[in-house]
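Coordinate analysis (summary)
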Amino acid sequence: MIYGEKRKHQLFKVNYTINYKSGKFYTKTRETYAYSELGAISTIKWLHGTDDIDINFVQAFGKFSNYESYPDNHCVYDK
């Protein structure tokens, strides 16, 4: 990637586990758009705030969004 280059967001499937203080846990899979796996993980952690989250796996689908934009690292998914 070259600085200043327009990029498209890619669709990622993220499987994660939320660990509660009581010892219970909840596993969920969510699809999100981001530039990279790091951005997809950041989006999930941002959505759940201060919860204790373990990322099980991140899978890229190879499907991209319809528009291009400049990554600026000011948004959660722009990493």
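Note that the structure is a prediction, hence the values are computed from the model and not measured. The numbering scheme is per chain: residues are counted from 1 as the chain's sequence reads. Thresholds applied to this predicted model are a pLDDT of at least 70 for local features of residues and 80 or more for the giving and counting of side-chain atom pairs; totals over whole chains, interfaces and linings are not thresholded and use all residues. Heavy atoms throughout the structure, all of them, feed into the side-chain values; hydrogens and water do not.

1. Remarks on the sheet that holds strand E2 (residues 25-34)
Across a sheet, strands are paired by hydrogen bonds formed along the backbone, either parallel or antiparallel in direction. Criterion used throughout: strands pair if DSSP finds at least two bridges between them. Each helix is a run of H or I in the DSSP string that is no shorter than four residues. Each strand is a run of E no shorter than two, and both are numbered from the N terminus. The strand order across the open sheet built from 3 strands is E2-E1-E3, with neighbouring strands paired in antiparallel fashion. Two strands close off the open sheet at either side, each with one partner strand: E2 and strand E3 (52-64). Each neighbouring strand pair of the sheet contributes to a mean axis angle of 20 degrees, computed without reference to strand direction. Where strand E1 (residues 10-19) meets E2, 10 bridges bridge the pair, whose relative direction is antiparallel. If you follow Tyr-16 over to E2, its bridge partner there is Lys-28. The contact definition used throughout considers only heavy atoms, calling two residues in contact when any of these lie within 4.5 Å. A fitted line through C-alpha atoms serves as each axis, taken over the contacting stretch for helices, and the angle formed by two N-to-C directions is quoted from 0 to 180°. Across the face of the sheet, helix H1 (residues 37-47) comes into contact with E1, E2 and E3 while running at roughly 130 degrees to E3.

2. Describing the nonpolar core
Core analysis: the largest hydrophobic core is formed by 9 residues, namely Phe-12, Val-14, Tyr-16, Ile-18, Ala-34, Ala-40, Ile-44, Ile-53 and Val-58. Secondary structure elements with two or more residues in this core: E1, H1 and E3. The greatest single-element share of this core, amounting to 4 residues, is contributed by E1. Residues in contact with Phe-12, not counting those within four places in the same chain, are Arg-30, Glu-31, Thr-32, Ala-34, Tyr-35, Ser-36, Glu-37, Ala-40, Val-58, Gln-59, Ala-60 and Phe-61. By nonpolar core is meant a set of buried Ala, Val, Leu, Ile, Met, Phe, Trp, Tyr and Cys residues that side-chain atoms within 4.5 Å join together. Exposure categories follow from relative accessible area, calculated using a 1.4 Å probe and restricted to protein chains: below 20% of the type maximum is buried, above 50% is exposed, and the middle band is partly exposed.

3. Re H1
Looking at H1, one finds that the buried residues are Gly-39, Ala-40, Ser-42, Thr-43 and Ile-44. Along its buried surface, H1 packs onto E1, E2 and E3.

4. Focus: the pairing of E1
Among the 10 residues of E1, 8 are classified as buried, and the element is accordingly described as predominantly covered. In textbook terms, the turn of a hairpin is the stretch between consecutive antiparallel strands, and for E1 and E2 this stretch comprises 5 residues, one of which, Gly-23, has a positive phi near 105 degrees. Two strands pair when backbone bridges link them, and E1 and E3 are joined in this way by 9 bridges, in the antiparallel orientation. Bridge pairing in E3 links Tyr-16 to Ile-55.

5. Quick notes on the environment of Tyr-33
Here Tyr-33 is to be found in strand E2. Between the C-alpha atoms of Tyr-33 and His-9, which are 24 residues apart in sequence, the distance is 5.6 Å.

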